[in-house]
Amino acid sequence: MHQNSTTTSTTDITTSRRRLGGPRIALAAAALLLAGALAAGTSSCSDTSRASESEPLCIDGALPVGERTPLIDAVCTDPPSALSAAAEQQQRANAEAAAASAAELQRRDAITIVTCGTGTPIPSDRVQACTAVFVNGLFLLFDAGDGAQRSMERSLLPITEIDALFLTHFHSDHIADVGEVISRSWILGRTTELPVYGGEAVRRVVDGFNAVYALDDQYREAHHGEDILNSRVEPAVPHTIDDPGAEGRVVYERDGVAVTAFRVNHPPIEPALGYRIDYAGKSVVISGDTTDTASLRAMSEGADVLVSEVMNRDVLEAVECALKRLDDPRNARLIRDIRTYHIGTTELAGLAQNAGVRTLVLTHQVPSFDNADPRVELLLAAPIRAIYSGELIAAKDGQRIVVELE
Ligand SMILES: [Zn+2]
Ligand SMILES: [Zn+2]
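Residues numbered from 1 in each chain as written. Chains lettered and ligands numbered in written order. Predicted model: local features only at pLDDT ≥ 70, side-chain atom pairs only at ≥ 80, totals over all residues.

(A) How the structure looks around the overall build of the protein. The helix and strand tally for the protein stands at twelve helices and 14 strands. Residue pairs at least 24 apart in sequence account for 67% of intrachain contacts in the protein once pairs closer than 6 positions are excluded. (Helix = DSSP H or I, 4+ residues; strand = E, 2+ residues; numbered from the N terminus. Contact = placed C-beta atoms within 7 Å.)

Spelled out as C-alpha cells, the structure:
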C-alpha cells in the first residue's frame, strides 16, 4: 500500500505540473495554492502562534498535490483464481489473528502490558523505548523510539485504537518513531484524535512530526479519497504537561483509569517524566529514564508492576576502560557520561524491594544485548535477583505481562 500509493502520487504531480503551462499558469497556480492551504486547514501562516492546542499546525505554502489517475476496480472471477483464493485465505487468517489479539488485550478483567521496545540507542536487535498498557478497554502507549511502530504491528497490537501516547522525555530513543505511530495508525484506520502528552516541549516535537508528514497525508487523501483517509484526522494533538513535581499530578483520566505524571531525574533533561497508571486498585509504574530518585521510590510504593529502565554499571566501566586503552577517548567519554543518568541494577533492586513492588519488568536495558543473549540474565537479572524477592521479568520485545483484576 505504501509503495504503490507513493509511486502513483509522484506520477500524478508530474502530470499535473506538465498541464500547468501557457497563459493559465498564474490562475492555476493560485488555485492550487488556495486548495493546498485549505486542505492543510490553514488560511495564513503570518501568525504562527496558536490560541489553543487543538488548532492545526500552520504549514507555510501550498502542498504540491496533483490529480489522481482514474481508478479501475479489479476484475474478480467466480470461482476465484488460485492466487485470489490464497490471498483470501491469508487475509482471513490475518484478520482473525488480529481480532483474537485485540480481544485478549482489551479484556476488562485484566491489565496487560506489552514491552514493544526494550532497547536503547546502543545498537542491538531490540526496538527502542516502547511500552503499551491495555487497561479497561484503553490502549495507552508510553514512548515510541526507533522501531516501535513495526514492533507493535508485529505483536498484533490494535494500533488504530491507540487512545493516547505519553512521552517520558525527548531523547531520540523515546520519540524517533512518533511520526510513524501517528501516520500508520491513521493509514490503517484510526478515525479519532490522537493526543500526545509530554513535558514542556511536547508541542514542538508533535508539530514537527505533523509538519514532516503533512505532504504524505495530502497525497494519501487525494489518492484514496477523504471518505477513508481524511487528512484532518492524521495530525496528532499535543498536550503539554506542566511540571508535575516529584509528588506527581493526574494528567489523564478516563473510564476509571488515571495516569499520574511525576518528575524523575535524568539530567540535563528538564523535565524528565515517569508515569503511574491506576485502575481498580491495581497500579503500573513506568520509570522513564532516571537515576535512583525519591519520586520513583514513592510512586513505586505497593505497585503491582514497575516497568523500569536498568543499567549494569560494572559493564559500562569495563567498556570505558577498554576504550581508553584502545585510544578511543571520544567513545570512552560517551560511555562515561551514560553512567550518570540511569539507575544501576543494585539501586533498582533495592528500590523495588523496599517499595514492595510485586513484579519488576526490566526494559531500556543498558547495555542492550540482543533479545536472546544470555548475558541479560547474567549481567542484568542476576544482580537484581540477589536483592529483590518479587517476580522479575527481564523483558524481551513483544512480551506480554498480565495483571489479573480481582
Ligand atoms: Zn534518556
Ligand atoms: Zn533512553
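Okay, back to it.
(B) Expanded view of the environment of Tyr197. Note that Tyr197 resides in strand β5 (residues 195–198). When the C-alpha positions of Tyr197 and Tyr252 are compared, they lie 9.0 Å apart, and in sequence the two are 55 residues distant. What Tyr197 contacts, discounting residues up to four positions off in sequence, is Ala164, Phe166, Leu167, Val202, His239, Ile241, Val251 and Tyr252.

(C) Spatial organisation of the nonpolar core. Val133, Leu140 and Leu165 are the most contacted members of the largest nonpolar core, which totals 88 residues. In terms of residues, this core owes the most to one element, helix α7 (residues 202–224), which gives seven residues. (Core = buried A, V, L, I, M, F, W, Y, C linked by C-beta atoms within 7 Å. Buried ≥ 20, exposed ≤ 12 C-beta atoms within 10 Å, placed from the backbone.)

(D) Quick peek at the sheet that holds strand β7 (residues 249–254). In space, the seven strands of this open sheet follow the order β7-β8-β9-β10-β11-β12-β13, with mixed pairing throughout. Each having just a single partner strand, β7 and β13 (391–394) make up the two edges of the open sheet. The mean angle between the axes of side-by-side strands here comes to 25°, regardless of whether they run parallel or antiparallel. In this sheet, β13 lies alongside strand β12 (residues 359–366) in parallel orientation, the contact comprising four bridges. (Pairing = 2+ DSSP bridges. Axes fitted to C-alpha atoms, helices over the stretch in contact; angles between N-to-C directions.)

(E) Just the packing of helix α11 (residues 345–355) against helix α12 (residues 375–385), in detail. Between α11 and α12, whose axes approach to 8 Å, the crossing angle comes to 40°. By the angle between their axes, α11 is oblique relative to α12. Note on packing geometry: the crossing formed by α11 with α12 is right-handed. Counted together, Thr345, Thr346, Leu348 and Ala349 of α11 and Leu380, Pro383 and Ile384 of α12 form the full contact between these two elements. Of the residues in the contact of α11 with α12, the class split is five nonpolar, two polar and no charged. (Parallel < 35°, antiparallel > 145°, perpendicular 65-115°, else oblique. Left-handed = near helix turned anticlockwise from the far one by under 90°. Nonpolar A, V, L, I, M, F, W, Y, C, P; charged D, E, K, R; others polar.)

(F) Representation of the packing of helix α6 (residues 178–187) against α7. Remark: α6 packs on α7, axes separated minimally by 9 Å, with the N-to-C direction vectors making an angle of 35°. Remark: the crossing between α6 and α7 carries right-handed chirality. Residue-level contacts link Val178, Gly179, Ile182, Ser183 and Ile187 of α6 to Val205, Phe209, Val212, Tyr213, Asp216 and Arg220 of α7.

(G) Inspection of the sheet that holds strand β4 (residues 164–166) at higher detail. With mixed pairing, the seven strands of this open sheet are ordered in space as β6-β5-β4-β3-β2-β1-β14. Only two strands of the sheet have a single partner each, and these edge strands are β6 (237–240) and β14 (399–404). On average, adjacent strands in this sheet sit at an angle of 20° to one another, irrespective of strand direction. Sheet analysis places strand β3 (residues 138–142) next to β4, joined by three bridges and oriented parallel. Across the sheet, residue Phe142 finds its bridge partner in β4, namely Phe166.

(H) Region of the structure containing unusual backbone geometry. Cis rather than trans, the peptide bond between Asp78 and Pro79 has omega equal to 5°. Its place among the elements puts Pro79 in the loop between α2 (25–39) and α3 (82–105). Of note, the bond from Pro267 into Pro268 is cis; its omega dihedral lies within 30 degrees of zero at 10°. The phi angle at Asp143 is positive, at roughly 70°, despite the residue not being glycine. Position of Asp143 relative to the elements: it lies in the loop between β3 and α4 (148–154). Taking the number of C-beta atoms within 10 Å as the measure of exposure, Asp143 has 32 and is therefore buried.

(I) Focus on the pairing of strand β2 (residues 130–135). Across the six residues that make up β2, a large majority, six, are buried. Where burial is concerned, the two faces of β2 agree: the one with Cys130, Ala132 and Phe134 and the one with Thr131, Val133 and Val135 are both buried. The pairing of strand β1 (residues 110–117) with β2 spans four bridges and is classified as antiparallel. Considered in β2, the bridge of Gly117 is made with Cys130. As paired strands, β2 and β3 are joined by five bridges and run antiparallel to one another. If you follow Phe134 over to β3, its bridge partner there is Phe139. Linking two consecutive strands that pair antiparallel, namely β2 and β3, is a turn of two residues; a positive phi of about 45° is found at Asn136 within it.

(J) Here's a closer look at the environment of Tyr213. Within the secondary structure, Tyr213 sits in helix α7. Look at Tyr213 and you get buried, because 20 C-beta atoms sit within 10 Å. Considering only alpha carbons, one finds Tyr213 and Gly179, 34 residues apart in sequence, at a separation of 7.3 Å. Excluding residues that lie within four positions of it along the chain, Tyr213 makes contacts with Gly179, Ile182, Ser183 and Glu234.

(K) Just helix α9 (residues 313–325), in detail. Relative to the 18 Å expected for 13 residues at 1.5 Å per residue, α9 spans 19 Å between its end C-alpha atoms, a close match to the ideal helical length. A positive phi of about 55° marks Asp327, the residue just after α9. (Expected span 1.5 Å × (residues − 1).)

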